[in-house]
Amino acid sequence: MSYTLTILATQTPASDAETYTWLNDKRESYYNSDAAAVPVLVKFHDAITRLFPCLSSCTDDDAMDACPWSDGPLINNFIGDMGVVGISQRHEEVIQQILRFSNTLGLTVIDEQEGVIHRPQRYRIVPQGVKDGMTVNAVADKLAPLFKRTPAQVADMLAQPGLVLKKNLTQIVAQNYVASLAQYGCVCIMEPDIVITSATVPEENPQQAAATATVTPAAGTDEAMQRWIAYNNTGKKKEAADKPEPEIVNYDDIRIAELADGQKQLIYAVALNFAVLSMKSDVIGFFTIAFCLLPIEVMFFAGYLKLAANMGFNNTMRKLIAYGSMVPLVNTFILLAINDEVNRQLKDAGLRPSILGLSAKQRASLNEDICPPPGRPLKWAIGTAIFIAAVIGIAHWRISIPKDKRLDSSLPCAMMGKWVFTGTSTQKILRLDKDGNMQSSVGIMGTSPYSGLDGTWKVQDKHLLLQGKNDRPEKQGKPVILSKDGKTMTLIDEENEKQDYMLIEALAPYNCNH
């Protein structure tokens, strides 16, 4: 005989009678939906199938006979925030574990065969002081960024007797709050909140049964299992399980999540930094590279602050890290030291970071109820990459440089321009452009040029070689000397006389470095 339980990862109405009516409507969307199970139901499935294997994983008849489920794969029974499981054998043993795991994860279990709704126990966090050897002010200084308050306000909070820091938490979330605050030096306990004890609902009069539901304080950390034993106690001794019960391992820790995100943000920033610096300045320009590095530096700075705020550093150390992150070479040593410490803390939390930080699967395993959403560092990196691509695209759109001319070392950029030589009575004008075209003209001072020459130009062995359109190229050319500021060009003719040309118009292409 199959025993069916409904498992819900959403809030249900306060009274049992309203819950059964609400469940009927809920079933319609459940059977008509193909949505993937929410993460907490996936965690429940993984935990329960480690103890009782799924029917689809059983390969021989003996294993199938021991499998308690009535169908499989079991994961297909979880849709959205609702799941329905059928139990064909070992009912009592399986139901106890279902109630235990669901209570730990904050899930509601509805047993319509017995007319009982098992709501998860809720907890609150109450501080009990600080760890031995630590002062209230020191702990308050560490907790201030977490609570988003000043250290003085946090110290006043810790001094209040019976203060409730957080309430209405599931068991696993409450346990992680206690563990997380303990790492900051704050000693806390988790106390049961007031819960509604469900009553059996007779089918003929559900309203009357709902009216008899009483509000009582929770009596233990596994209330759901106790309720099951209370109404289904057969007096039989339960045999020990053949293998140990698996623990639901969950590293739901705000600080650990922030450390993982901060580390990942720095890794993305380093990758983008190397990508930008590997670009040639003669292709996109020095100032373009510098402008592209600005958002990357912001990523670095924000990542450093996030890590410093969650590694237990005091304000002085945070400031040193922030200022040091802006100093070349120093920020490299800081990055390596912090990355090593972050890896150590992640490993202490049971995680396995790699050279690229925490994997997406491990980051997703952190509880979404208290941890910031995953993927923020990646979104930041993608946004920065898009910004860099846009800057480079605009730079190339504004000025396009032919590759063959940009790389032609026989056409030095420093010589590209319009030059003028003024003698005692004559004036010479020489125009050398980026395409290797040359124009020269000679005239008397104050009059129009009376002779000119069009052709090509290039430089070979520090000699300027000119060639008219119908003339042979000069074999030797004229030795050329450029001033350091690039504004004067001296040509030495065949009679060893110098002619000093002054630059009156620069014609070099954008970002030319020859």
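Note: the structure precedes this text.
Residues numbered from 1 in each chain as written. Predicted model: local features only at pLDDT ≥ 70, side-chain atom pairs only at ≥ 80, totals over all residues. Heavy atoms only, no water.

Compared with an ideal rise of 1.5 Å per residue, which puts 15 residues at 21 Å, helix 4 (residues 91-105) spans 21 Å between its outermost C-alpha atoms and is within 8% of the ideal. Summarising burial for helix 4: twelve of the 15 residues are buried, a large majority. Taken as a whole, helix 4 has its buried residues at Val94, Ile95, Gln96, Gln97, Ile98, Leu99, Arg100, Phe101, Ser102, Asn103, Thr104 and Leu105. Just beyond helix 4, the residue with positive phi is Gly106, at close to 80 degrees. (Helix = DSSP H or I, 4+ residues; strand = E, 2+ residues; numbered from the N terminus. Expected span 1.5 Å × (residues − 1). Buried < 20%, exposed > 50% of the residue type's maximum accessible area, 1.4 Å probe, protein only.)

With that out of the way, let us pick up the nonpolar core. Soluble globular proteins: nonpolar side chains tend toward being buried together. Within the largest apolar cluster, 49 residues are counted, with the highest numbers of intra-cluster contacts made by Ile7, Phe44, Trp69, Ile98 and Leu143. In this structure, Ile98 is in contact with Leu5, Ile7, Phe44, Ile48, Trp69, Val85, Ile87 and Val109, ignoring residues within four places of it in sequence. Counting 30 residues, the second-largest nonpolar core is a separate cluster that includes Leu259, Ala260, Met299 and Ile338. (Core = buried A, V, L, I, M, F, W, Y, C linked by side-chain atoms within 4.5 Å. Contact = heavy atoms within 4.5 Å.)

What follows covers the sheet that holds strand 16 (residues 478-482). What the eight strands build is a closed barrel, ordered 11-12-13-14-15-16-17-18; its pairing is antiparallel. On average, adjacent strands in this sheet sit at an angle of 35 degrees to one another, irrespective of strand direction. When strand 15 (residues 463-468) meets strand 16, the two strands line up antiparallel, connected through two bridges. Counted as the bridge partner of Leu464 is Lys478 from strand 16. (Pairing = 2+ DSSP bridges. Axes fitted to C-alpha atoms, helices over the stretch in contact; angles between N-to-C directions.)

Taken together, the three strands give an open sheet; going across it, the order is 7-6-8, and neighbouring strands pair in antiparallel fashion. One side of each edge strand has no neighbouring strand; the edge strands of this open sheet are strand 7 (166-169) and strand 8 (186-192). Taken pair by pair, the neighbouring strands of this sheet meet at an average axis angle of 30 degrees, ignoring direction. In this structure, strand 6 (residues 123-130) lies alongside strand 7, joined through two bridges in antiparallel fashion. Of the residues in strand 7, the one forming a bridge with Ile125 is Lys166.

Moving on, we come to the packing of helix 2 (residues 39-51) against helix 4. Two elements in contact, helix 2 and helix 4, have axes separated by 10 Å at closest approach and are oriented at 145 degrees. Helix 2 and helix 4 meet at a crossing whose hand is right-handed. Across from Val40, Lys43, Phe44, Ala47, Ile48 and Leu51 in helix 2, the residues of helix 4 making contact are Gln97, Ile98, Phe101, Ser102 and Leu105. Looking at the contact of helix 2 with helix 4, its residues break down into eight nonpolar, two polar and one charged. (Left-handed = near helix turned anticlockwise from the far one by under 90°. Nonpolar A, V, L, I, M, F, W, Y, C, P; charged D, E, K, R; others polar.)

Moving on: helix 14 (residues 330-348). When the terminal C-alpha atoms of helix 14 are compared, their 27 Å separation across 19 residues agrees well with the 27 Å that a helix rising 1.5 Å per residue should span. Listing the buried residues of helix 14 in full gives Asn331, Ile334, Leu335, Ile338, Val342, Asn343, Gln345 and Leu346. Axial view of helix 14: buried residues confined to an arc of 165 degrees, hence all on one face. Seen from the open side of helix 14, the exposed residues pointing more than 90 degrees away from its buried face are Phe333, Leu336, Asp340, Lys347 and Asp348. In the segment just after helix 14, Gly350 is the residue with positive phi, at about 90 degrees. (Arc of directions from axis to C-beta.)

Overall, the coordinates contain five aromatic pairs when judged by the stated rule. Residues Phe44 and Phe78 carry aromatic rings whose centres are separated by 6.1 Å and whose planes lie at 65 degrees to one another, so their mutual orientation is edge-to-face. Here Phe44, found in helix 2, pairs with Phe78, found in strand 2 (residues 78-79); they are 34 residues apart in sequence, far enough to count as distant. Each member of the pair, Phe44 together with Phe78, is buried. Judged by centre distance (5.7 Å) and plane angle (40 degrees), the rings of Phe421 and Tyr501 are tilted. One end of the pair, Phe421, is in strand 11 (residues 417-422); the other, Tyr501, is in strand 18 (residues 498-506), with 80 residues separating them in the sequence. As far as the burial class goes, Phe421 and Tyr501 line up, both buried. (Phe/Tyr/Trp six-rings, centres within 6.5 Å; stacked < 30°, edge-to-face > 60°.)

Here strand 3 (residues 82-87) lies mainly inside the structure; six of its six residues are buried. Of the two faces of strand 3, the one holding Met82, Val84 and Gly86 and the one holding Gly83, Val85 and Ile87 are both buried throughout. Examined bridge by bridge, strand 1 (residues 3-8) and strand 3 share six bridges and lie antiparallel to one another. In the strand pairing of strand 3, Leu8 is matched with Met82. Pairing analysis gives two bridges linking strand 2 to strand 3, with the strands arranged antiparallel. Along strand 3, the bridge assignment pairs Ile79 with Met82.

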